[in-house]
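The chain contents come next:
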Amino acid sequence: MNFHILTLFPEMIEQGLNTSILGKAMQNGFVTLDAINIRDYTADKHKKVDDYPYGGGAGMVMQAQPIYDAWKAVVESIGHRPRCIYLTPQGRTFNQDMAKEFAKEEDLIFLCGHYEGVDERVLEEIVTDFVSIGDYVLTGGELPAMVMVDAISRMVPGVLTNAESGTGETFEGSLLEYPQYSRPVEWNGKRVPDVLLSGDHKKVEAWRHAQSVLRTLEHRPDLLDEAELSLADVKQILAILQEK
Ligand code: SAM
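Just so it is clear, the structure is predicted and the values come from calculations on it, not from any experiment. (Residues numbered from 1 in each chain as written. Predicted model: local features only at pLDDT ≥ 70, side-chain atom pairs only at ≥ 80, totals over all residues. Heavy atoms only, no water.)

1. Observations regarding the overall build of the protein chain
Point 1. Along the backbone of the protein chain there are 8 helices and 9 strands.
Point 2. Relative to a compact globule of 244 residues, whose C-alpha radius of gyration would be 18 Å, the protein chain shows 23 Å and is clearly more extended.
Point 3. In terms of overall dimensions, the protein chain has a C-alpha envelope of 70 × 40 × 35 Å along the principal axes.
Point 4. Across the protein chain, the fraction of contacts at a sequence separation of at least 24, relative to all contacts at a separation of at least 6, is 75%.
Point 5. Here the protein chain has roughly 14,600 Å² of accessible surface; of this, 50% comes from carbon and sulfur atoms. (Helix = DSSP H or I, 4+ residues; strand = E, 2+ residues; numbered from the N terminus. Rg over C-alpha atoms; globule rule 2.2 N^0.38 Å. Contact = heavy atoms within 4.5 Å. Areas by Shrake-Rupley, 256 points an atom, 1.4 Å probe, with all protein chains shown as cover.)

Below you can see the structure in the form of structure tokens.
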């Protein structure tokens, strides 16, 4: 999977994504990252990439020409026109299903805006997907692009060393993940739940599932609309609630 990121701040992207699991995924060739400096493509002799908005108003607007030429260079180098995502607070809100869907692509282009945004005409020419990472306004599209690259990369086969660790996570089946514990058995007067020490895998599975449902009910009840719950789930939750 190849990420091509059009940005005015390539070093921010490179530094932000070079470490830990993603760094290793790049070293091992599961994903590649190409941060392209839009400024390198400006036809302006002073290397300008932005200008005042027509009609007046605050701030500057990123101009169409350098963005279009940077995008065209990527398209020509890979020999096809992949999906091009414009990071914008006006887009569809990014979620795990979208991460899975984008992970099926071989190439993805991301366009990071800055200042007041981007000349609408180039968006009309090149963008296939308008995506937001949440209902707030950031200074640029670099952090949103990094968030998306991270979440999408985890869904690319081979990136996570243990294939299991990408499944059964929060949002799978529209549930939050169950609570996790590690050594020691007792810390700060709190014990790990006995069932997790029992060695009985069936019981552990059942406990984890019930905890997932309960946690979703407590923290994100909106997700339960989409979750498939059995009568046994409901009974177990009621039992847990009665014990509390
Ligand atoms: N004037 C624009 C508006 O009101 O829609 C906001 C521009 S914002 C200051 C600058 C850039 O940051 C945007 O072009 C976009 O690329 C990025 N950005 C800001 N908030 C974002 C969000 N929530 N999700 C994705 N990208 C965002």
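Read on, since the account is not over.
2. Observations regarding the site of the ligand
Point 1. In the vicinity of the ligand there are 21 residues, among which Y86, L87, Q90, E116 and Y136 approach most closely.
Point 2. With respect to the ligand, the backbone of L87 contributes an N or O atom lying 2.6 Å from an oxygen atom.
Point 3. One of the backbone nitrogen or oxygen atoms of T88 is found 3.3 Å away from a nitrogen atom of the ligand.
Point 4. Coverage of the ligand by the protein chains reaches 85% of its 590 Å² of free accessible surface.
Point 5. If you list the elements that add at least two residues to the shell around the ligand, you get β5 (83-93) and β7 (129-132). (Near = heavy atom within 4 Å. Polar contact = N/O pair within 3.5 Å; in protein donor to acceptor, adjacent residues only side chain to side chain.)

3. Notes on the pairing of strand β6 (residues 107-112)
Point 1. Buried residues dominate β6, accounting for 6 of its 6 residues.
Point 2. Every second residue of β6 is oriented toward a common face, with D107, I109 and L111 on one face and L108, F110 and C112 on the other, all of them buried.
Point 3. Bridge analysis of strand β1 (residues 2-7) against β6 gives 5 bridges, and the strand direction is parallel. Paired with N2 across the strands is D107, a residue of β6.
Point 4. Bridge count for β5 against β6 is 5 bridges, and the pairing is parallel. Its bridge partner being in β6, L87 is matched across the sheet by C112.
Point 5. A crossover connection joins β5 to the parallel β6 through helix α4 (residues 96-102); in handedness this β-α-β unit is right-handed. (Buried < 20%, exposed > 50% of the residue type's maximum accessible area, 1.4 Å probe, protein only. Pairing = 2+ DSSP bridges. Right-handed = clockwise from strand over helix to strand, strands pointing away.)

4. Overview of helix α1 (residues 10-17)
Point 1. Listed as buried for α1 are P10, I13 and L17. Angularly, the buried residues of α1 cover 65° about the axis, an arc narrow enough to put them on a single face.
Point 2. Along its buried surface, α1 packs onto β1, α2 (20-27), β2 (32-37) and α6 (142-153). (Arc of directions from axis to C-beta.)

So far we have only geometry, and geometry alone does not tell us how the molecule works.
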